[in-house]
Structures are given as structure tokens and as C-alpha cells.
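Observations on the three-dimensional arrangement
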Amino acid sequence: MKMKTALSIAGSDSCGGAGIQADIKTMTMNGVYAMSAITALTAQNTTGVRAIQESTPEFLKQQIDAVFEDIYPDAVKIGMVSSRELISVTADRLRYYNAGNVVVDPVMVATSGSALMKNDAVQTLIDELLPIATLVTPNIPEAQILSGLTIETKEDMITAARQIGNSYHCSVLLKGGHSVSDANDLLYADRELIWFKGKRINNPNTHGTGCTLSSAIASNLAKGFTLAESVRKAKDYISGALAAMLDLGKGSGPMNHAFDLQGKYAKGAK
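Presented here is an overview of the structure given in this document. Note that this is a predicted model, so its numbers are computed, not measured.

**Some points on the pairing of strand 1 (residues 5-13)**
- Burial analysis of strand 1 places nine of its nine residues in the buried class, which makes it a mostly covered element.
- Sheet analysis places strand 1 next to strand 2 (residues 33-45), joined by nine bridges and oriented parallel. By the bridge assignment for strand 2, Gly11 is matched with Ala40.
- The parallel pair strand 1 and strand 2 is bridged by helix 1 (residues 19-29), and the resulting crossover is right-handed.

**Quick look at helix 6 (residues 154-168)**
- Taking 1.5 Å as the rise per residue, helix 6 with 15 residues should run 21 Å; its terminal C-alpha atoms sit 21 Å apart, in good agreement.
- Taken together, the buried positions of helix 6 are Met157, Ala160, Ala161, Ile164, Gly165 and Tyr168. Angular distribution of buried residues about the axis of helix 6 spans 125°; they occupy a single face of the element.
- Immediately downstream of helix 6, the backbone of His169 shows phi near 60°, a positive value.

**Brief notes about the pairing of strand 9 (residues 192-196)**
- Bridge count for strand 8 (residues 185-189) against strand 9 is five bridges, and the pairing is antiparallel. Its bridge partner being in strand 9, Ala189 is matched across the sheet by Glu192.

**Considerations on helix 2 (residues 57-70)**
- Counted at 1.5 Å a residue, the expected span for helix 2 with its 14 residues is 20 Å, and the 20 Å between its end C-alpha atoms agrees.
- Along helix 2, the residues that are buried comprise Leu60, Gln63, Ile64, Asp65, Val67 and Phe68.
- As for helix 2, its buried residues are in contact with strand 1, strand 2, strand 4 (75-78) and helix 3 (84-96).

**What about a nonpolar patch on the surface?**
- Together, Met3, Tyr33 and Ile71 make up an exposed nonpolar region whose accessible area comes to about 280 Å².
- Structurally, Met3 can be placed in the segment before strand 1.

**Focus: the pattern of salt bridges**
- Scanning all chains against the criterion turns up 10 salt bridges.
- The closest approach of N and O atoms between Lys61 and Asp65, which form a salt bridge, is 2.8 Å. With Lys61 and Asp65 both in helix 2 and four residues apart, the pair spans about one turn of that helix.
- Asp236 is the partner of Arg232 in a salt bridge, and the nearest nitrogen-oxygen pair spans 3.1 Å. One end of the pair is Arg232 and the other is Asp236, both in helix 8 (residues 227-243) and four residues apart, which spans about a single turn.
- Each of the salt bridges in this network shares a partner with another, and the network as a whole consists of Lys61, Asp65, Asp92 and Arg93.

**Considering the packing of aromatic side chains**
- According to the stated counting rule, one finds three aromatic pairs in the structure shown.
- Taken together, the ring pairs in this structure connect Phe68, Tyr72, Tyr96 and Tyr97 into an aromatic cluster.
- In this structure, Arg93 packs its charged tip against the face of Tyr96, placed 4.5 Å from the ring centre.
- When the ring centre of Trp195 is taken as origin, the NZ or CZ atom of Lys154, which lies over that ring, is 5.6 Å away.

**Re the sheet that holds strand 4**
- Reading across the sheet, the nine strands line up as 3-2-1-4-5-6-7-8-9 and stay open at both edges, with mixed pairing between neighbours. At either end of the open sheet lies a strand with only one pairing partner, and these are strand 3 (48-54) and strand 9.
- Taken together, the two bridges between strand 6 (residues 135-136) and strand 7 (residues 171-175) define a ladder with parallel strand orientation. Following the sheet pairing, Leu135 is matched in strand 7 by Ser171.
- Strand contacts of helix 2: strand 1, strand 2 and strand 4, with the helix running at about 155° to strand 2, the strand carrying the most contacts.

**Section: the nonpolar core**
- In terms of nonpolar packing, the biggest core is built from 43 residues, with Ile9, Val76, Ile78, Leu130 and Leu174 touching the most fellow members.
- Setting aside chain neighbours within four positions, we find Val76 in contact with Leu7, Ile9, Phe68, Leu94, Ala99, Gly100, Asn101, Val102 and Val103.

**A short note on the packing of helix 7 (residues 209-222) against helix 8**
- The N-to-C vectors of helix 7 and helix 8 enclose an angle of 135°; their axes lie 8 Å apart at closest approach. Here helix 7 is positioned oblique relative to helix 8, judged by the angle of their axes. With respect to the hand of their crossing, helix 7 and helix 8 are arranged in right-handed fashion. Contacts between helix 7 and helix 8 involve Thr209, Thr212, Leu213, Ala216, Ile217, Asn220 and Leu221 on the former and, on the latter, Leu227, Ser230, Val231, Lys233, Ala234, Lys235, Tyr237, Ile238 and Leu242.

Criteria and cut-off values
Residues numbered from 1 in each chain as written. Predicted model: local features only at pLDDT ≥ 70, side-chain atom pairs only at ≥ 80, totals over all residues. Heavy atoms only, no water. Buried < 20%, exposed > 50% of the residue type's maximum accessible area, 1.4 Å probe, protein only. Helix = DSSP H or I, 4+ residues; strand = E, 2+ residues; numbered from the N terminus. Pairing = 2+ DSSP bridges. Right-handed = clockwise from strand over helix to strand, strands pointing away. Expected span 1.5 Å × (residues − 1). Arc of directions from axis to C-beta. Contact = heavy atoms within 4.5 Å. Patch = residues over 30% accessible without salt bridge, like charges linked within 9 Å, V, L, I, M, F, W, Y side chains within 5 Å. Areas by Shrake-Rupley, 256 points an atom, 1.4 Å probe, with all protein chains shown as cover. Salt bridge = Lys/Arg side-chain N within 4 Å of Asp/Glu carboxyl O. Phe/Tyr/Trp six-rings, centres within 6.5 Å; stacked < 30°, edge-to-face > 60°. Lys NZ or Arg CZ within 6 Å of the ring centre and 35° of its normal. Axes fitted to C-alpha atoms, helices over the stretch in contact; angles between N-to-C directions. Core = buried A, V, L, I, M, F, W, Y, C linked by side-chain atoms within 4.5 Å. Parallel < 35°, antiparallel > 145°, perpendicular 65-115°, else oblique. Left-handed = near helix turned anticlockwise from the far one by under 90°.

Following this line, the structure appears as C-alpha cells:
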């Protein structure tokens, strides 16, 4: 059977826990062939982002074209796209190639608290990317920006998810991990609401959780699972990666994306 493929359009994370690096690890572990178009280089570690160098819009276009013209992706995950121009070129190329299974993780703020998106880029994301998205995966702060609403309760989550989904005509996975509903996430799709109960794992190392979840969902969509099943399987994967309790770095460290890697090439020296 032909291997399914997925493309990540996102920023690079030099310490490997988020962004393109997390996406490639996640897609690989979830059984699809991973490809990438890099929107920005970041100099960051678990304690924060210290520098960002964006790709030019023309170079990002060339990367996306190169992928689609040769190995057409079965799904596309979009992460950190920090400027209006980069968002516009991404949306333009995805429309041009009629890309399907597009998962947008609206990366506005890093786990460490660093801002990753310029103000004028948010409106461009809303106007150009969300209308072509299969799914958008905001956390509570991002959903507040997208909906213009304050989210403090589960009822607020429902109202905001409906507002985003109905306004921009895409499905919404509103992640409740920012203390509103423990680790419970809300999927609003086809005007139906589904809660996904998550177990809160007492692991302070959550660098790249949003990147990882959205990439796992995209991988499952690429393999032909329904949206709800793709979310459920992705939640199970991220719970396993967190429960492996990897502890690297001085700040909010990365997860062990390869917690389920059992192959002979993964074994250590005796």
C-alpha cells in the first residue's frame, strides 16, 4: 500500500521540541511520510525564543511548490506563520493546488510566553487561512483572539467554538488545557459538539504540545480517519508522549515523541 504523506508549513525550533522538528517526529511516529516548508528559523530553547529569521515569501512559495509538484501531500499542517505576507503566500499556494485535510494551528504565543505572530498577521490568518482549513486548533488564549470573546468556563468554550466555526466555515478543536476544563478539548464540526476527555498528566514539560497534537491529527486525516477519530487518536498519542516523562532543558522541556519507538535501530548500546 502506498505510504500516505503530510506537509508541515511551520517554523524551525533549534532545540527540537516544537515546530518543524516536532511535526516531523510526530508524523513519522504516526505512520506518514513527513515533508516541510519552513516559514522561519528560530533561535530558541526551553526557556524562550531569542531570535527569529523569517523566510522570504518567494522562498516559502518555492518550497511549497517543490513539494506539491513532486509528492502531493495527503494532509497539510500549518503552524507558525508569523507575517501577513507569509500567510498570504501559503493560502495562495494551497488554494492553487486544491490542498485537502488542512489543519491550522494558529501559533500566536510560544509555551514560554514569547509572541510568535505580528498583529496584522492575525487578521490575514482569519481572512485567508481559516476559510480553506479543515480544522483550526486554538488554545484558550488563541480562541479568545479569534472569537473576540472571554473564555473562562466550559460554556464559554462552547460559545467561542461555535463563533469561530460558524464565522470562518471550518471545524474547530478548542483546547481546554489552559486550566478552563483541565485537559478536555472541544470539537465543533458540522454544527455538532464533541468533548474529548483528557487526563491531566503532571508533567511540566509541555514544549511543543500544540504542534504535536495538530501534526498527529493531520497524520490521521492523511490516513483516512474521520475528523473525530483523528482527534481521538492524536489525543491518545500526545498523552503517551507526555506520560513518558522526558526531562530535558532548564525550562518547559519537550515531550518524548518517540516513546513508542520499538524498532531494532532505536536500541542503545549494551
